[in-house]
Amino acid sequence: MAAAMVPLPVLREPPSAARPGVLAACDGSDGSLWALDRAMTEAELFGLPLYVLAVVNPSPTGYPPGMVELVRQSIDLLVASMADGLRRAVDAVQAARVRPYGGELVLHVVLGSVIEVLLAATAGQHTLVIGTRGNGGFARLLLGSVSTAAVHHANCPVLVVPAPTAG
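Residues numbered from 1 in each chain as written. Predicted model: local features only at pLDDT ≥ 70, side-chain atom pairs only at ≥ 80, totals over all residues. Heavy atoms only, no water.

Enquirer: I keep staring at the overall build of the protein and nothing clicks. Help me out?
Expert: Helix and strand counts for the protein come out as 4 helices and 6 strands. Helices (α) and strands (β) of the protein occur, in sequence order from the N terminus, as β-β-α-β-α-β-α-β-α-β. Within the protein, buried positions represent 38% of all 167 residues. By sequence separation, contacts in the protein at least 24 residues apart represent 79% of the contacts at least 6 residues apart. Working note: accessible area of the protein is about 9,500 Å², and carbon and sulfur atoms make up 61% of it. (Helix = DSSP H or I, 4+ residues; strand = E, 2+ residues; numbered from the N terminus. Buried < 20%, exposed > 50% of the residue type's maximum accessible area, 1.4 Å probe, protein only. Contact = heavy atoms within 4.5 Å. Areas by Shrake-Rupley, 256 points an atom, 1.4 Å probe, with all protein chains shown as cover.)

Enquirer: When you look at helix α4 (residues 145-153) in this model, what are you seeing that I'm missing?
Expert: Because an α-helix completes one turn every 3.6 residues, residues spaced three or four positions apart along the sequence face the same direction. S147, A149 and A150 are the residues of α4 that are buried. On an axial view of α4, the arc spanned by its buried residues comes to 160°, and they lie on one face. More than 90 degrees from the buried face of α4, the exposed residues found are H152 and H153. (Arc of directions from axis to C-beta.)

Enquirer: What should I look at first to understand the packing of helix α3 (residues 114-121) against α4 in this one?
Expert: Describing two packed helices takes the angle between their axes plus the distance from one axis to the other. One can describe the packing of α3 onto α4 by two numbers: an axis separation of 10 Å at closest approach and a directional angle of 35°. In the packing of α3 onto α4, the handedness of the crossing is right-handed. Contacts between α3 and α4 involve V114, I115, L118 and L119 from the former and S145, V146, A149, A150 and H153 from the latter. (Axes fitted to C-alpha atoms, helices over the stretch in contact; angles between N-to-C directions. Left-handed = near helix turned anticlockwise from the far one by under 90°.)

Enquirer: Help me out: how do you make sense of the nonpolar core in this one?
Expert: In a soluble, globular protein the nonpolar side chains are often hidden away together inside. Grouped together as the largest cluster of nonpolar side chains are 28 residues, with contacts concentrated most on L36, L50, V52 and V109. When contributions to this core are tallied by element, the ones reaching two or more residues are β2 (22-25), α1 (30-46), β3 (50-56), α2 (68-96) and β4 (105-111). It is α2 that provides the largest number of residues to this core, a total of 8 residues. Judged by nonpolar contacts, the second largest core, of 14 residues, contains L23, Y51, V106 and A121. (Core = buried A, V, L, I, M, F, W, Y, C linked by side-chain atoms within 4.5 Å.)

Set out below in structure tokens:
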């Protein structure tokens, strides 16, 4: 009988700047999966740990006083769901790679504003690898709002991974 695989643990805080690595932003979109694949290659190339970060913003506008405790269980379920999705994203990318990533891999799911958490997490990191989504207007035709903010405000070099070419 084969031993059951233990799921990767998921930390609920951002990566530490004490040990620089390659930071991959992952929201489960196709763009973030392409970026995750490239981040694995970058981490291997430089012999660095790979930190995969997903950010959950359960209430972009905040909660009225007294409501936080009422929604705590829902928030915990949302974080658990994102953690599971992050594990599946890593598994999907690993399965598609010619040679699976074998380096140090740490998963992070953090509550907060996506852009604020992502930018803060770039402090002390070697590189941020992020995909493109491009759902905005003409000014952001090639980059989404998160990747645009990262390019302009990250505290480390940013590698923006475009969608692969068709064919």
